[in-house]
Amino acid sequence: MKPEELEAIASGLGLQFDEESGSIYGVQSGYLLLLHETDVKNQFRLSVSVSLNGNPADSEENELVWDDFKSESLPNLSTLSINQYTVSIVVKGAMRKSKTIEKLQTLIRDFVDFLESHHFVQVCGYSGQEGPVSLYQLGESIFIINEESYQFLKSNLQIEMDSYHSQKENVLLGTIGALLGALIGGAVALFIARLGYVAVAAGLVLGICTIKGYEMFARKLSRKGILISVVLMVVTVFLVNQIDLAMEVVAQLGVEFAYAFRVVNELIASGEYPDNYFFNLGMLAVFTLVGAGISISSVWSSHKTKGIVRKIA
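Residues numbered from 1 in each chain as written. Predicted model: local features only at pLDDT ≥ 70, side-chain atom pairs only at ≥ 80, totals over all residues. Heavy atoms only, no water.

1. Digging into the overall build of the chain
Helix and strand counts for the chain come out as nine helices and eleven strands. Taken over the C-alpha atoms alone, the chain extends approximately 80 × 45 × 40 Å along its principal axes. Taking all 313 residues of the chain together, 42% fall into the buried category. A separation of at least 24 residues holds for 62% of the contacts in the chain among residues at least 6 apart in sequence. When the accessible surface of the chain is split by element, carbon and sulfur atoms take 57% of a total near 17,000 Å². Charge centroids of the chain, computed over 23 positive and 33 negative side chains, lie 7 Å from each other. (Helix = DSSP H or I, 4+ residues; strand = E, 2+ residues; numbered from the N terminus. Buried < 20%, exposed > 50% of the residue type's maximum accessible area, 1.4 Å probe, protein only. Contact = heavy atoms within 4.5 Å. Areas by Shrake-Rupley, 256 points an atom, 1.4 Å probe, with all protein chains shown as cover. Lys, Arg positive; Asp, Glu negative; His and termini not counted. Charge placed at Lys NZ, Arg CZ, Asp CG, Glu CD.)

Right, here's the structure in full:
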């Protein structure tokens, strides 16, 4: 959703909105709640950090308690996951914003009532220590933790970031990694093309595999690495189209693939193009590069947020 839409939902719920992280948060009956949209469109995750009788929320002693909650809230509840002290509920919104707000209001009210009636206490999501907690952003993640845990995690993140930035980028190995990634992504694009489709999904796979291949081998990702990856993606798109044509020749004439591939390339080099050659190549390039562009933007955005360390509320 757009930031203004999330802000409207936050306002409708009587909560606050943090535009930088896209998070909705606030205190209800003494519990600090975190609500944010998942990777799936129109799905929201509601999280809280709690303990019961000094035990983590996911302890065996509390299994029956959560089974009761799931049975009571089944109509509105999509999934419930517990990681030690952090409890997260995923719920699907409605088609209209007003109905989404209404659905989330019901979920929050029922959830908070459940926590109160079973005497759950708010604790730090990392240490389990009872007491005041706040909302912090560390990299791409949002935590409901206390100040002590924040300082500890902040220190660890800083060490990790310093280690990453101090590494020397190995462009040669990175290029090899990007090439391997492009081969994997190209194979997926070719498979989809052979099915008779051109899909943005192929570009997403190609972009992610190429970028991640570069970073994995180079140990660091820079603008130079992205440029190298883009060049390899463009070359891969062209080769996928050529291979697709050669495989079509094999299917129609029954000749060997090596012969068909050589003939296809010789014809194109001499200026003789098959019907719809440029249209098919253009469609493949556009869809692939759109998907690749999305993946590159996502990866680069992720890198920019890796070093973010701040208190939200």
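2. Looking at the confidence of the model for the chain
Summary statistics for the chain give a mean pLDDT of 85 and a share of 97% for residues scoring 70 or more. Across the chain, the secondary-structure element scoring lowest on mean pLDDT is helix H9 (residues 277-305), at 75, and the one scoring highest is strand S9 (residues 134-138), at 95. (pLDDT = per-residue confidence, 0-100.)

3. Quick look at H9
Taking 1.5 Å as the rise per residue, H9 with 29 residues should run 42 Å; its terminal C-alpha atoms sit 42 Å apart, in good agreement. Listed in full, the buried residues belonging to H9 are Tyr277, Leu281, Leu284, Thr288, Gly291, Ala292, Ser295, Ile296, Val299, Ser302, His303 and Thr305. On the buried face of H9, the contacting elements are helix H4 (147-166), helix H6 (200-218), helix H7 (223-253) and helix H8 (257-269). (Expected span 1.5 Å × (residues − 1).)

4. As for the sheet that holds strand S10 (residues 141-145)
Within the open sheet, the three strands sit side by side as S10-S9-S11. Their pairing is antiparallel. The open sheet has two free edges, formed respectively by S10 and strand S11 (309-311), since each of these has just one partner strand. The average undirected angle you get between the axes of adjacent strands in this sheet is 25°. Here S9 runs beside S10; their pairing, made up of five bridges, is antiparallel. Bridge assignment links Leu135 to a residue of S10, and that residue is Ile144. Where H4 meets the sheet, it contacts S9, S10 and S11, and its direction lies at approximately 0° from that of S9. (Pairing = 2+ DSSP bridges. Axes fitted to C-alpha atoms, helices over the stretch in contact; angles between N-to-C directions.)

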